[in-house]
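An overview of the molecular structure
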Amino acid sequence: MEDLFSVCGKIRLRKGEGRTLKAGGAWIYDNEIEWMSDGIIDGHLVKVLDFDDYFMGIGFINRKSKITVRMLARHTDVVDEAFIEERVRAAVEYRFDTVDTSACRLIFGEADFLPGLVIDKYSDVLVVESLALGIDRFKSLIVEKVKEILHEKGIDIRGVYERSDAKVRTLEGMERVKGFIGDEFDTNVEIVENGVHYMIDVVNGQKTGFFLDQKYNRLAMQKLCKDKRVLDCFTHMGTFALNAGIAGAKEVTGLDISEYAVEQARANAKLNGLENTVHFKCANVLEKYDVVILDPPAFTKSREATKNAIKGYREINMKGLKLVKDGGYLASCSCSHFMTQELLTKTIKEAAKAVHKRLRQVEFRTQSPDHPILWEAQESYYLKFYIFQVVDEK
């Protein structure tokens, strides 16, 4: 059996580099490394030394990636099965402390000190996304530890599916893969979130099958939607629309450019007995609504594309604001960590000024607690969610 825990060599940082690492980040870039020992194997563990040979911890190395080392442990040179189990157990216990675990993210990569790995739980099914070569070697062990810990809590997992098909894997020199880990099973899974039922397709759905990070933002919108006409743009599976419907909205329209997404949303409306109240279509809209929800895909996945993304966010917010009745509500969000809270705030402010609307902030929210934000690991903070009351200039 392959020795997962052997350390294959050492790397040394350049003098003055590793500032992000020393502040608590998990990544070491290729241009921060001065020296590597002989015998290094990509995907294996290495010891990380500062420029003066001070020991900083252990990480995975991959010389094919600009993120050459992802830190796994600090202040210890022992990484073994007990170490991995402790990390996994801490991640799972945190979810049981903070969120409804019937459907949730159990492991969120760097924020859970297991870099590059995502594991989502949908009822009794796990979906795994592995995005780094080093963690890929530990994937099977970690999945087994998750299953054992859940079994201790009386939860038996009937199947595991891998959705490691994100394009970012190619930057690690890895193939994009998807398929069963272990025995095959029915991959259509019903979950309940905030009282809304959904049928999840873990094979063909976006990401791992569902956007769990908006769970409590969807719940926050329920209190605003009773007896209102609601528009949900970029509706995908109808999540915000169905939360509005179950909260007693008078009429809900969900829009998406994907016919497949619209079909899924309609099926979910029927599953909840809301097909007469909540309607979905591939279309543009000119009517005005009491509540408008803007939940677009990430317009930028790189720092270089941020300028164009700002233009995109400004345009959709201008259009969204025009669709809100005087005194109505707008929810607007961004799921790109390159679109910072400051940038998003400035962009929405510019959009409101351009269409002569005044904004009264109701609340600002981020991602669900099962997607924790690790300070100094900037990539873990990506979802920004505003709720505003919109009023005409008076």
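Attention here is on the structure that accompanies the text. Since we're looking at a predicted model, the values are computed, not measured.

1. A few points about the overall build of the protein chain
- Scanning the protein chain from terminus to terminus reveals 8 helices and 20 strands.
- Taken against the 2.2 N^0.38 rule, which gives 21 Å for 394 residues, the C-alpha radius of gyration of the protein chain at 23 Å falls within 12% of a compact globule.
- Taken over the C-alpha atoms alone, the protein chain extends approximately 70 × 45 × 35 Å along its principal axes.
- Taking the intrachain contacts of the protein chain between residues at least 6 apart in sequence as the baseline, contacts between residues at least 24 apart amount to 63%.
- As displayed, the protein chain offers around 18,000 Å² of accessible surface, 51% of which is attributable to carbon and sulfur atoms.
- Distance between charge centres in the protein chain, computed from 57 positive and 61 negative side chains, equals 8 Å.

2. Some remarks on the packing of aromatic side chains
- Applying the stated criterion across every chain yields a total of 10 aromatic pairs.
- With a centroid separation of 5.0 Å and an interplanar angle of 20°, the aromatic rings of Y386 and F388 are classed as stacked. The exposure classification of Y386 matches that of F388, with both residues buried.
- Here the aromatic residues F5, F60 and F138 are joined through ring pairs into a cluster of three or more.
- The side chain of K153 reaches across the aromatic face of F96, ending 4.6 Å from its centre.
- Looking at R229, its charged tip hangs above the ring of Y289, at a distance of 4.5 Å from the centre.

3. Considering the sheet that holds strand β14 (residues 229–233)
- Spatially, the 7 strands line up as an open sheet ordered β16-β15-β14-β17-β18-β20-β19, and their pairing is mixed. Looking at strand neighbours, the two that pair on one side only are β16 (278–281) and β19 (357–365), the edges of this open sheet. Neighbour-to-neighbour, the strand axes of the sheet open up by a mean angle of 20°, direction not taken into account.
- Judged from the 7 bridges that link them, strand β18 (residues 324–334) and strand β20 (residues 384–392) form a sheet pairing that is antiparallel. Residue pairing in the sheet places L330 in a bridge with F388 of β20.

4. Section: helix α6 (residues 259–271)
- For α6, spanning 13 residues, the distance from its first C-alpha to its last is 18 Å, which sits close to the expected 18 Å at 1.5 Å a residue.
- Of the positions making up α6, those classed as buried are A261, V262, Q264, A265, N268 and A269. For α6, the buried positions fall inside an angular range of 160° around the axis, keeping them on one side.
- For α6, the N-terminal capping position is held by S258, with its side-chain oxygen 3.3 Å away from the main-chain nitrogen of Y260.
- Directly after α6, the chain includes G273, whose backbone phi takes a positive value near 65°.

5. Section: the packing of helix α7 (residues 306–322) against helix α8 (residues 341–354)
- Here α7 crosses α8 at 45°, and the two axes come no closer than 8 Å. If you check the angle between α7 and α8, you find them oblique. You can see that α7 and α8 cross each other, and the crossing is right-handed. Facing α7, whose interface residues are T306, I310, Y313, R314, N317, M318 and L321, α8 presents L343, T347, I348, E350, A351, A352 and A354.
- In the contact of α7 with α8, the residues fall into 9 nonpolar, 3 polar and 2 charged.

6. Considering the state of the cysteines
- Within the structure shown, the criterion is met by 0 disulfides.
- With no disulfide partner, C104 has as its closest neighbouring cysteine sulfur the one in C335, 20 Å distant.
- Residue class for C104 comes out buried when judged on its relative accessible area of 0%.

7. Some points on the packing of helix α2 (residues 81–98) against helix α3 (residues 133–152)
- Relative orientation of the contacting elements α2 and α3 amounts to 50°, with a least axis distance of 9 Å. Between α2 and α3, the interaxial angle falls into the category oblique. When you trace α2 past α3, the crossing you get is right-handed. Residue-level contacts link E81, I84, E85, V88, R89, V92 and F96 of α2 to F138, L141, I142, K145, V146, I149, L150 and E152 of α3.
- Grouping the constituent residues of the contact of α2 with α3 by class yields 10 nonpolar, no polar and 5 charged.

8. Considering the environment of L72
- Locating L72 in the fold gives a position in strand β6 (residues 67–73).
- In this structure the C-alpha to C-alpha distance between L72 and E17, which are 55 residues apart in sequence, comes to 19 Å.
- If sequence neighbours within four positions are ignored, L72 has contacts with L45, I58, G59, F60, V79, F83, R87, F113, L114 and P115.

9. Observations concerning the pattern of salt bridges
- This model, assessed by the stated rule, comprises 32 salt bridges.
- Among the salt bridges present, the one from K64 reaches D42, with a minimum N-O distance of 3.5 Å. A residue pair is termed long-range when its members are at least 10 positions apart, and K64 in the loop between β5 (55–61) and β6 and D42 in the loop between β3 (33–36) and β4 (45–49) qualify at 22 residues.
- In this structure, R89 and E85 form a salt bridge, with 3.2 Å as the shortest nitrogen-oxygen distance. Here E85 and R89 lie together in helix α2, a separation of 4 residues that amounts to about one turn.
- The partly exposed category is assigned to R89, whose relative accessible area is 25%.

10. Thoughts on the environment of Y260
- Looking at the element boundaries, Y260 is found in helix α6.
- Measuring from C-alpha to C-alpha, the distance between Y260 and G205 comes to 9.7 Å, with 55 residues separating the pair along the chain.
- Sequence-distant contacts of Y260, that is, excluding residues within four places in its chain, are made with D201 and N204.
- At 3.0 Å, the side chain of Y260 and the side chain of D201 are in polar contact.

The rules we used
- Residues numbered from 1 in each chain as written.
- Predicted model: local features only at pLDDT ≥ 70, side-chain atom pairs only at ≥ 80, totals over all residues.
- Heavy atoms only, no water.
- Helix = DSSP H or I, 4+ residues; strand = E, 2+ residues; numbered from the N terminus.
- Rg over C-alpha atoms; globule rule 2.2 N^0.38 Å.
- Contact = heavy atoms within 4.5 Å.
- Areas by Shrake-Rupley, 256 points an atom, 1.4 Å probe, with all protein chains shown as cover.
- Lys, Arg positive; Asp, Glu negative; His and termini not counted.
- Charge placed at Lys NZ, Arg CZ, Asp CG, Glu CD.
- Phe/Tyr/Trp six-rings, centres within 6.5 Å; stacked < 30°, edge-to-face > 60°.
- Buried < 20%, exposed > 50% of the residue type's maximum accessible area, 1.4 Å probe, protein only.
- Lys NZ or Arg CZ within 6 Å of the ring centre and 35° of its normal.
- Pairing = 2+ DSSP bridges.
- Axes fitted to C-alpha atoms, helices over the stretch in contact; angles between N-to-C directions.
- Expected span 1.5 Å × (residues − 1).
- Arc of directions from axis to C-beta.
- Polar contact = N/O pair within 3.5 Å; in protein donor to acceptor, adjacent residues only side chain to side chain.
- Parallel < 35°, antiparallel > 145°, perpendicular 65-115°, else oblique.
- Left-handed = near helix turned anticlockwise from the far one by under 90°.
- Nonpolar A, V, L, I, M, F, W, Y, C, P; charged D, E, K, R; others polar.
- Disulfide = S-S within 2.5 Å.
- Salt bridge = Lys/Arg side-chain N within 4 Å of Asp/Glu carboxyl O.

All quantities given are derived from atomic positions and should not be read as evidence of function.
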